[in-house]
Amino acid sequence: MKKNFTLFFLLLVLATAVQAQKTDGSIRGKLMDTLAKASIPDATISLIKTADSSLITFTLSNKQGVFEIKGLVEGDYKLVISHQSYQPFSKQVTIKALQWQVELGDLIVEKNIKSLGEVVVTSNVPIVVKNDTVQFNADAFKTKPNATAEDLLKKLPGVEVDKDGNVKAQGEQVQKVYVDGKEFFGNDPKLATKNLTADMIESVQVFDDMSDQAKFTKIDDGSRSKTMNIKLKKDRNKGYFGRALAGIGSDDRKEFNLSFNKFNGNQRVSFLFNANNINKQGFSFSDVISTMGGFSGFGGGGGGMMSAMGGQLMNMKSTLLGGGGNNFGTGNTGLTRSLSTGVNYSDQWGTKIKMTGSYFFSNSTNVQQQDILRRSTYTELLSGLDSIVTLNRKTYSRNENQNHRINLRLEYLIDSANSLLYTPSLTFQHSENISQDTSFSTSAIQNSEYLSTITRTANTNNRNGVNWGNNLLFRHKFSKTGRTITLGWNNTIGNSKSQGYTLSDNDFFNETGSHTDSIFQNQQNKQKTTTNNNVFSTSYTEPIGLNKLLELNYAYTINKSTSDRLVNNYNATTGKFDSPELLLTNNFENIFLAHRAGINFRVQEKKYNYQFGIAMQRATLESQSFQAFTGKDSLTTDSYTNFFPTANFNYNPAKGKNFRFAYNGRTNQPTISQLQNVPDVTDRLNVRIGNPDLQPEFNHNVNLNYNTFNMATFKFISASLNFSTTSNKIVNSIDYANGVQLTRPVNVDGYYRGSSYVTLGIPFKKPELKGSSMNFTNNISYTRDVSLLQRQRNVGKTLAINQGAGINFNKATIDFGIKANLAYTNVRYSVNTLLNEDYFTQTYSADVSYTFKGSIILTSDFDYYINTGRADGFNQNIPLWNASLSKQVFKKKNGEVRFSVNDILNQNQSITRTNGDNYIQDTKSVILRRYFMVSLFFNLNKMGGKQAQPGMPVMPPGMERKVREIRVQ
C-alpha cells in the first residue's frame with residue numbers, strides 16, 4: 001500500500017519537473033500623470049501574450065504608481081494600462097535571454113477628458129467581489145478535458161463538493177443553481193452541476209438569493225438561501241451542444257448518459273437522460289412523503305413576508321459529527337440503480353412574457369445491507385441503576401422510488417407598471433420499501449452483563465402521493481419611484497395513501513437469563529394524509545426622501561392537515577387482516593391559523609445599506625384526535641403571540657470588499673407526525689408517539705459575513721460567524737422500560753449553536769502557474785442541545801473543529817490537486833456521561849490528470865481515510881484509488897475512449913458515526929467496490945452565436961458597470 005502511495009506522488013513530482021521552464025523575466029515601471037506629474041495609484045496593468053492575445057496576468061500600481069510583474073518566460077508581450085480617470089495606454093515589451101529584466105522607467109499617461117469609446121474587459125480576473133456576490137471566472141480555474149461543472153466547482157475557494165455531488169459554498173448548503181439566471185429543471189442543483197460541461201461556463205456566481213417579492217420591493221424578508229448562478233459563455237447563445245456517454249463494465253456494470261441543448265437566443269431547450277447501476281445519481285431525490293406515510297408539515301410565519309412553508313421533519317436529534325470527516329468511503333452507500341430523464345424549456349415572447357418549464361422523471365432502486373452497533377444509556381425506573389445497552393443489528397432493505405416532477409415559471413409583464421408571476425409545481429411519487437433485520441441486545445448493570453432481547457423484524461410499505469404547489473405574485477409600481485404594492489398567494493395541496501405490513505418477533509430476558517416476555521406482531525397498517533396550506537400576503541412600500549424606504553406588510557395563514565390511520569392484526573381464523581388494533585388506530589386533524597402584520601425601514605447609501613423592522617403574529621393551533629381505543633374525541637387548542645424582529649446591514653468599504661450583518665426571528669409549527677398521538681411501532685423496541693400539546697418553536701438567527709478579494713495579491717478571504725438559539729425547541733423525551741424505548745416530542749428551552757467558517761484562497765499570479773491555487777478552510781461549531789431522558793434534563797455539548805488545506809496545480813498537460821482535512825470532535829452529556837467522547841478523523845486526497853502526446857489522458861484520484869475512537873471493528877483505515885486511461889478521438893478531439901477502474905485496491909467501505917440523545921451508533925454499510933469499465937464519450941458543440949474576436953475576450957456578466965475599473969484596450 002505504501003509503495004503504491006509513494007509511486008503515485010513520485011509520478012506527480014516527475015510530471016511537474018518535465019514542465020519546468022525558466023521564469024526569471026520581469027517588467028517594472030512607474031505611472032505618471034501628464035499634467036500634475038504625480039504618480040498614479042490603483043491602475044490596472046495587464047500583460048497580454050502577443051502571439052494569441054491571451055491574458056497572462058495583471059496587477060495594480062501601488063501608492064507611488066510603481067508596478068512590477070515577475071516570473072515571466074521568454075517571449076513578446078503587450079503591456080496595457082487602464083484607469084477610470086486616464087486614457088488607455090499600451091506598450092510592446094520583449095523578454096529575451098540577454099534582457100530578462102525590463103525597466104520601463106516613468107510611463108506618462110494622459111488624463112481622460114472624453115468618452116472612452118471601445119474597450120475590452122478581460123474575464124481572467126479570478127475572483128470579483130461585488131456587494132454580497134462572489135464571482136469566480138471559469139478561465140482562471142482550469143479543469144481537465146471534458147470536465148463537468150461539478151469538476152470546476154471543486155477548484156473554487158470556499159466551495160466543497162461531496163461524494164454524492166452535494167455542494168456547499170462558504171460553509172452553507174447550496175439550495176438552488178440557476179443557469180444564466182434562469183431555473184434549470186426546477187432548481188435541482190445536481191442537474192446543472194453534473195450535466196453542464198466546464199468549457200461552456202464563463203463564470204460562477206455565489207450569493208444569497210431572496211424571494212421574488214423581496215427582489216421587487218428591495219426589502220429583505222428573511223427568506224435567503226445559498227444559491228449559485230452558472231453564467232454560460234456569450235458565444236453559446238445560438239446553436240446546439242451536448243454530450244453522450246456509454247459504458248459497459250465488469251459485474252454487469254453499465255452507465256449511459258446523454259444531454260442535449262439547443263439555444264436560439266432566449267429560446268432554450270435542454271434534454272437529459274441517465275441510466276446506470278454504479279451508484280451515480282445525477283439528481284436530488286425529493287421525498288415528498290414522510291416516514292409515516294404523509295406529507296411533511298409546513299411551518300407557519302417567518303420574518304418579514306416569509307411564506308409559511310418552512311416546516312421541518314420530525315426531529316430525530318441524530319447529528320453527524322466530525323464536520324464532514326465522519327463518513328468514510330463513498331457517500332452513496334448500498335447498491336443503487338437509477339434511471340432519470342427530463343426536458344427543460346425556456347423562452348421569451350416579445351417583451352411581455354417569459355417562461356421556464358420542465359418535466360423530470362426519476363426511478364431509483366437502492367439495496368442496502370448494514371451492520372449497526374449502538375451503545376445506549378438508561379436509568380432503570382424501578383432500581384434507579386444506570387444501564388448500558390449494546391445493540392448489534394444486521395439489516396437488509398430494498399427501496400424503490402419513482403418520481404414525476406413538473407415545474408413552471410411564467411412571468412407576464414402586463415404593462416410598465418404591472419406584472420404577474422406564477423410558479424406552479426406538481427409532483428407524483430410512488431415508493432415501495434421492504435426491510436428485514438435481526439438484532440440482539442445486551443444490558444450491563446453494575447458490571448453485570450446479560451442478554452436482554454432478541455428481535456426479528458420484517459416491514460413492507462407501498463406509498464403513493466401527489467403534491468401540487470402554487471405561488472402567485474402580483475406586482476404594481478406607482479408613478480412615484482419606490483412606491484409599490486404586491487399581492488401574493490402561496491398554496492400547497494397534497495395527499496398520500498400508504499399500506500404496509502409488519503411481522504415482528506421479540507423475546508425478552510432478565511439478568512438471570514430467564515425468558516420473561518414475548519411480543520409477536522403480524523399487522524397491516526393503512527394511512528391517508530392530506531394537506532392544504534395557504535398564505536395570503538400583501539406588501540406596500542413608500543419612499544421617504546431619495547434613499548429611504550418604508551414597508552408595511554400583512555399575511556394571513558391557514559394550514560390544514562389530516563391523518564387517518566387504520567391498523568389490523570392478522571386473524572388466523574379468517575386468514576385475513578380484519579382484527580382491529582384499536583390502540584394504534586386514530587383519526588387526526590390539525591389546523592393552524594395566523595395573522596401577521598409588520599413594518600420595515602430601509603436606507604440605501606452608496607457604500608452601505610441597512611434595514612430593520614418588526615412583525616407581530618397572533619396564531620392559533622388546534623388539534624382534534626379520535627382515538628379508537630377510547631372511542632372519544634379529544635380537542636386541543638392553543639393561542640399565542642410571537643414577534644418577528646429583523647435587521648441587516650450591508651457595507652462595501654472598498655472595491656472587492658463586502659461586510660454583511662443579518663438578524664431575524666421566525667417560528668416553526670409542529671408537523672402532523674409530531675402532533676399525532678398514536679404509537680408508531682414499526683420498530684417494536686423503539687416506539688414513537690406524537691404530542692398534541694406541542695407549541696411552535698421560535699428561532700433567533702444572527703449572521704456575520706465578510707468577503708474580500710485583493711486584485712494585487714489575488715488573495716480571497718471569506719469569513720462568517722453564525723449564532724442561533726431556539727425557545728420552545730421540539731426535542732425528544734425518551735423513556736425506557738422492559739427493553740422498549742418510548743420517544744415523544746416535547747418543548748424545552750436552552751438550545752443554542754454557534755459556528756465560524758473561514759476560507760482563504762490564493763490563486764497564483766505567475767504565468768507558469770496560471771489556473772493554480774491554494775485553499776485553506778477552517779470550520780468550528782459549538783452546539784448546546786437539550787433533551788429529556790426518563791424525565792431528567794439532559795444537556796449535550798458538542799465541539800467540532802475542522803481544518804482543511806489544498807492546492808490545485810494546472811498547466812497545459814497536467815492538472816493535479818492535493819487536499820488534507822483534520823477534524824476533532826468532543827461530545828459531553830450531563831446525564832448520560834458514559835457516552836462522553838472525543839476523537840480525531842483524517843482525510844487525505846490527491847487527484848491528477850496528465851495528457852501525453854497523441855491525446856492520451858491518464859487520470860487518477862486517491863483518498864485515504866483514517867478513523868479512530870470508534871468501537872472495535874469500526875476503526876479502519878480506508879484507501880480508495882480510482883484511475884482511468886483515455887484516448888481523445890475524432891478531428892476536433894471531441895470524442896474519448898476510456899478504460900477506468902473503480903476502487904483498484906478493492907478496499908472501499910462506508911463507516912458512519914452518529915450520536916443521539918442517549919446513544920452512539922457506528923454503522924458499516926455495504927458499498928460498491930472494485931469494477932472495470934470501458935466507455936465511449938462524445939462531446940457535441942455546434943454554436944452559431946457571435947464569436948469573440950481574436951484579442952477581444954468577452955465581457956463577463958455583471959461587469960458592464962465596472963468596465964472602467966478592469967478594462968484593457
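Residues numbered from 1 in each chain as written. Predicted model: local features only at pLDDT ≥ 70, side-chain atom pairs only at ≥ 80, totals over all residues. Heavy atoms only, no water.

Undergrad: What's the story with the overall build of the protein chain in this structure? I'm lost.
TA: Across its full length, the protein chain carries 5 helices and 53 strands. By sequence separation, contacts in the protein chain at least 24 residues apart represent 67% of the contacts at least 6 residues apart. (Helix = DSSP H or I, 4+ residues; strand = E, 2+ residues; numbered from the N terminus. Contact = heavy atoms within 4.5 Å.)

Undergrad: Explanation requested: the nonpolar core in the structure shown.
TA: Nonpolar side chains in soluble globular proteins generally cluster together in the buried interior. Ile127, Phe136, Leu152, Leu153, Leu156, Ile201 and Met228 are the most contacted members of the largest nonpolar core, which totals 42 residues. Beyond its immediate sequence surroundings of up to four residues, Ile201 is in contact with Ala138, Ala149, Leu152, Ile230, Lys231, Leu232 and Lys233. Counting residues in each nonpolar core, the second largest holds 21 residues, with Ile27, Ile40, Phe67 and Leu107 among its members. (Core = buried A, V, L, I, M, F, W, Y, C linked by side-chain atoms within 4.5 Å. Buried < 20%, exposed > 50% of the residue type's maximum accessible area, 1.4 Å probe, protein only.)

Undergrad: In this structure, what is going on with the side chain of Gln368? I would like to understand it.
TA: On the secondary structure map, Gln368 appears in strand β23 (residues 353-379). Residue Gln368 is classed as buried on the basis of its relative accessible area, which comes to 11%. Polar contacts involving the side chain of Gln368 include one to the side chain of Asn366, which spans 3.5 Å. Ignoring sequence-local partners within four residues, the contact set of Gln368 consists of Thr333, Gly334, Thr395, Tyr396, Ser397, Ser925 and Val926. (Polar contact = N/O pair within 3.5 Å; in protein donor to acceptor, adjacent residues only side chain to side chain.)

Undergrad: Just checking my understanding: could you explain the pairing of strand β28 (residues 484-509) for this structure?
TA: Where a strand is regular, its side chains alternate between the two sheet faces. Relative to β28, strand β27 (residues 448-477) runs antiparallel, the two sharing 25 bridges. Bridged to Thr453 within β28 is Phe508. Connecting β27 to the antiparallel partner β28 that follows it, the hairpin turn spans 6 residues, and Gly482 within it adopts a positive phi of roughly 95°. With 26 bridges connecting them, β28 and strand β29 (residues 515-543) associate as antiparallel partners. Paired with Ser496 across the strands is Thr529, a residue of β29. Between β28 and β29, which pair antiparallel one after the other, the connecting turn spans 5 residues, and Gly513 there sits at a positive phi close to 90°. (Pairing = 2+ DSSP bridges.)

Undergrad: Help me understand the confidence of the model for the protein chain, please; the structure alone is not making it clear to me.
TA: Where the model shows low pLDDT, its predicted coordinates should not be examined in detail. When pLDDT is averaged along the protein chain, the result is 81, and 85% of the positions lie at 70 or above. Under a pLDDT of 50 for its full length, residues 287-330 has, in the predicted model, 178 contacts with residues more than four places off or in other chains. A low-confidence stretch, residues 945-969 (pLDDT under 50), is modelled with 75 contacts involving residues beyond four sequence positions or located in other chains. (pLDDT = per-residue confidence, 0-100.)

Undergrad: I tried to follow the sheet that holds strand β1 (residues 25-33) on my own but got confused; where do I start?
TA: Strand pairing in a sheet relies on backbone hydrogen bonds. The paired strands run either parallel or antiparallel. With respect to topology, 3 strands assemble into an open sheet ordered β4-β1-β7, the strand pairing being mixed. Strands with a single pairing partner mark the edges of an open sheet, and in this sheet they are β4 (66-72) and β7 (101-109). Here the average twist between neighbouring strands, direction ignored, is 15°. Here 5 bridges tie β1 to β4, and the two strands are oriented antiparallel to one another. Each residue of the ladder has a partner; that of Arg28, found in β4, is Glu68. (Axes fitted to C-alpha atoms, helices over the stretch in contact; angles between N-to-C directions.)

Undergrad: Looking at this structure, I do not really get unusual backbone geometry. What am I missing?
TA: If you check the backbone angles, Phe890 has positive phi at about 75° while not being a glycine. Looking at the secondary structure, you find Phe890 in the loop between β48 (877-889) and β49 (895-902). The backbone of Asn906 sits at a positive phi, close to 55°, despite the residue not being glycine. The exposure class of Asn906 is partly exposed, given its relative accessible area of 27%.

Undergrad: In this structure, what is going on with the packing of aromatic side chains? I would like to understand it.
TA: For any pair of aromatic rings, the description consists of the separation of the ring centres together with the inter-plane angle of the planes. According to the stated counting rule, one finds 22 aromatic pairs in the structure shown. Summarising the aromatic geometry, the rings of Tyr570 and Phe577 are spaced 5.3 Å apart at their centres and angled 65° between planes, so their arrangement reads as edge-to-face. What makes Tyr570 partly exposed here is its relative accessible area of 38%. What makes Phe577 partly exposed here is its relative accessible area of 23%. (Phe/Tyr/Trp six-rings, centres within 6.5 Å; stacked < 30°, edge-to-face > 60°.)

Undergrad: Explain a nonpolar patch on the surface to me, please; I cannot follow it from the model alone.
TA: A surface patch of nonpolar side chains, about 520 Å² in accessible area, is lined by Tyr240, Leu258, Phe260, Phe271, Val343, Tyr359 and Ile406. The topology assignment puts Leu258 in strand β18 (residues 254-264). Classification of Leu258 as partly exposed rests on a relative accessible area of 34%. (Patch = residues over 30% accessible without salt bridge, like charges linked within 9 Å, V, L, I, M, F, W, Y side chains within 5 Å. Areas by Shrake-Rupley, 256 points an atom, 1.4 Å probe, with all protein chains shown as cover. Salt bridge = Lys/Arg side-chain N within 4 Å of Asp/Glu carboxyl O.)

Undergrad: Just checking my understanding: could you explain the pattern of salt bridges for this structure?
TA: Tallying each qualifying case throughout the model produces 20 salt bridges. With a shortest N-O distance of 3.2 Å, Asp505 and Arg456 are connected by a salt bridge. With Asp505 in strand β28 and Arg456 in strand β27, this pair connects stretches of sequence that are 49 residues apart. By sharing partners, the salt bridges in this structure join Asp180, Lys231 and Arg268 into a single network.

Undergrad: Help me out: how do you make sense of the sheet that holds strand β9 (residues 127-130) in this one?
TA: If you trace the 5 strands from one edge of the open sheet to the other, you get β9-β10-β15-β16-β14, paired in mixed fashion. Of all strands in the sheet, those bounded by a partner on one side alone are β9 and β14 (176-179). Each neighbouring strand pair of the sheet contributes to a mean axis angle of 20°, computed without reference to strand direction. Summarising the sheet, β9 and strand β10 (residues 133-137) pair through 4 bridges and their orientation is antiparallel. Of the residues in β10, the one forming a bridge with Ile127 is Phe136.

Undergrad: Looking at this structure, how should I read the environment of Leu550?
TA: Structurally, the position occupied by Leu550 is in strand β30 (residues 548-571). The spacing of Leu550 and Gly613 is 63 residues in sequence and 9.5 Å in space, taken between C-alpha atoms. If sequence neighbours within four positions are ignored, Leu550 has contacts with Tyr540, Thr541, Glu542, Ile544, Ile599, Asn600 and Phe601.

Undergrad: Quick question: what am I supposed to make of the environment of Ala149 here?
TA: On the secondary structure map, Ala149 appears in helix α2 (residues 149-153). Here Ala149 falls in the buried class, since its relative accessible area comes to 2%. Separated by 45 residues in the primary sequence, Ala149 and Lys194 place their C-alpha atoms 6.3 Å from one another. Excluding residues that lie within four positions of it along the chain, Ala149 makes contacts with Ala192, Thr193, Leu196, Thr197, Ala198, Ile201 and Ile230.

Undergrad: Is there a simple way to think about the environment of Ile56 in this case?
TA: One can find Ile56 in strand β3 (residues 55-60). Separated by 10 residues in sequence, Ile56 and Ser46 have C-alpha atoms that sit 7.8 Å apart.

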